[in-house]
Amino acid sequence: MVDEPRGPIDSSRVPRFADVATFARLPRIDQVSRADIAVVGIPFDSGTSFRPGARFGPSHIRENSRLLRPYNPTQNVSPFSKAQVVDAGDIAVTPFDIAAAIDTIEAAARHFGQSDCRLVALGGDHTVALPLLRAVAAQHGPVTVVHFDAHLDTWDTYFDAPHTHGTPFRRASEEGLIDLERSVHVGIRGPLYSARDLDDDKLLGFLPLTCTDVETDGLSAVIARMHERIGGSGGSGGSGGIGGRGAVPIYVSVDVDVLDPGFAPGTGTPEAGGLSSRELLAMVRTLSRHLIVGADVVEVAPAYDHAGITGIAAAHIAYELISAMVLTPPNGT
Ligand SMILES: N=C(N)NCCCC(=O)O
Ligand SMILES: [Zn+2]
Ligand SMILES: [Zn+2]
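As recorded by an unreviewed UniProt entry, the protein carries the name Agmatinase and is attributed to Hoyosella rhizosphaerae. Quoted straight from UniProt, the Sequence similarities (unreviewed entry) entry for the protein says "Belongs to the arginase family. Agmatinase subfamily."

Structure representation (structure tokens):
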């Protein structure tokens, strides 16, 4: 017999400001016998091109997740009752060697995959998406990437370095980790290096949906376009999916700088003119119709945050992701 999931600490019995913070006050992984979904921190920021500090992101998000409550009315689900969700602590990555850190992250992510535990990773800078995608693709094959970001992150190198927070999705595409027909960026804005960036990005397999699209066509139109691109039964096009149910396996990567700096000041490469938290949360919610095989929330740099604004936004994004994940479980039950 499978035990009922162990949920968060009851905040009507133990003050929510007490104790060492786990994400949403969930049990640690060593306190349960099995886990369906693990929140794991990746305190790594050696791939940043501007303001550093995302290595402190995981603990900041945990601290700012103390007020999350167990029932999510927007998705009509109690995510921590439907699946065993745990906090797996942080992956111990070296800050001194990017290649070694990437290998460590991939090995850790594969380990979770072997026990069919899906990951919600808390960054860390966006470099971490590459090893996470490697692990997911090893298990599921090339995966549809739904990438929320101000930036394309399909640039080639910085100072000749191939592994940085501006390059993970070019490397992933080159390595054959992503579905080139269905992957999408959402929230793109701001200056580029040249118009060629967009040509390259297209060849690498992404469709960019921009903040200008949101401004001119509205949020619902952009959400519809996102699902059209992903395909399966969630959108109007495509017949693919798993188990005949039309749910496409997707990897969701959320760079918190997709939010406007007013909603997420605590990040390393902020760009004006971004999404509101409300818009982003609404978009993320709609992904529940697909099988989310893994997710990350990255680029939270607390040194530039104020009153936990960015930490709170990131905690809510992770909560919506977990809610969406439990609504479409891998075994289709
Ligand atoms: N992934 C993030 N957050 N930023 C990438 C910015 C790369 C650049 O400095 O051009
Ligand atoms: Zn990014
Ligand atoms: Zn970004």
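The structure having been displayed, the exposition proceeds.
(A) Spotlight on the UniProt feature "binding site: Mn(2+) 1" (unreviewed entry) in the protein. The feature "binding site: Mn(2+) 1" (unreviewed entry), as annotated in UniProt, sits at D149, H151, D153, D255 and D257 in this numbering. What stands out for the annotated residues spanning 109 residues is how close their C-alpha atoms remain, the widest pair being 12.1 Å apart. Among the secondary structure elements, D153 is positioned in the loop between β4 (144-148) and α5 (168-174). Sequence-distant contacts of D153, defined by excluding residues within four places in its chain, comprise H126, H147, H165, G166, T167, P168, F169, R170 and D255. Only 2.9 Å separates the side chain of D153 from the side chain of H126, close enough to count as a polar contact. Relative to the helices and strands, D257 is located in the loop between β7 (249-255) and α9 (277-285). Discounting residues that sit within four places of it in the chain, D257 has contacts with D149, A150, H151, R189, T267 and T269. From its side chain, D257 meets the backbone nitrogen of A150 in a polar contact 3.2 Å long.

(B) Quick peek at the site of ligand 1. Inspection of the region around ligand 1 gives 13 residues, with S49, Y158, H165, Y193 and D255 positioned closest. H151 is positioned with one of its side-chain polar atoms (N or O) 3.4 Å from a nitrogen atom of ligand 1. With respect to ligand 1, the backbone of H165 contributes an N or O atom lying 2.9 Å from a nitrogen atom. Within the complex, 91% of the 310 Å² of free accessible area of ligand 1 lies under protein. Split by residue class, the shell around ligand 1 holds three nonpolar, six polar and four charged.

The rules behind the values
- Residues numbered from 1 in each chain as written.
- Chains lettered and ligands numbered in written order.
- Predicted model: local features only at pLDDT ≥ 70, side-chain atom pairs only at ≥ 80, totals over all residues.
- Heavy atoms only, no water.
- UniProt positions renumbered as here; feature names shortened; annotations may be inferred.
- Helix = DSSP H or I, 4+ residues; strand = E, 2+ residues; numbered from the N terminus.
- Contact = heavy atoms within 4.5 Å.
- Polar contact = N/O pair within 3.5 Å; in protein donor to acceptor, adjacent residues only side chain to side chain.
- Near = heavy atom within 4 Å.
- Areas by Shrake-Rupley, 256 points an atom, 1.4 Å probe, with all protein chains shown as cover.
- Nonpolar A, V, L, I, M, F, W, Y, C, P; charged D, E, K, R; others polar.

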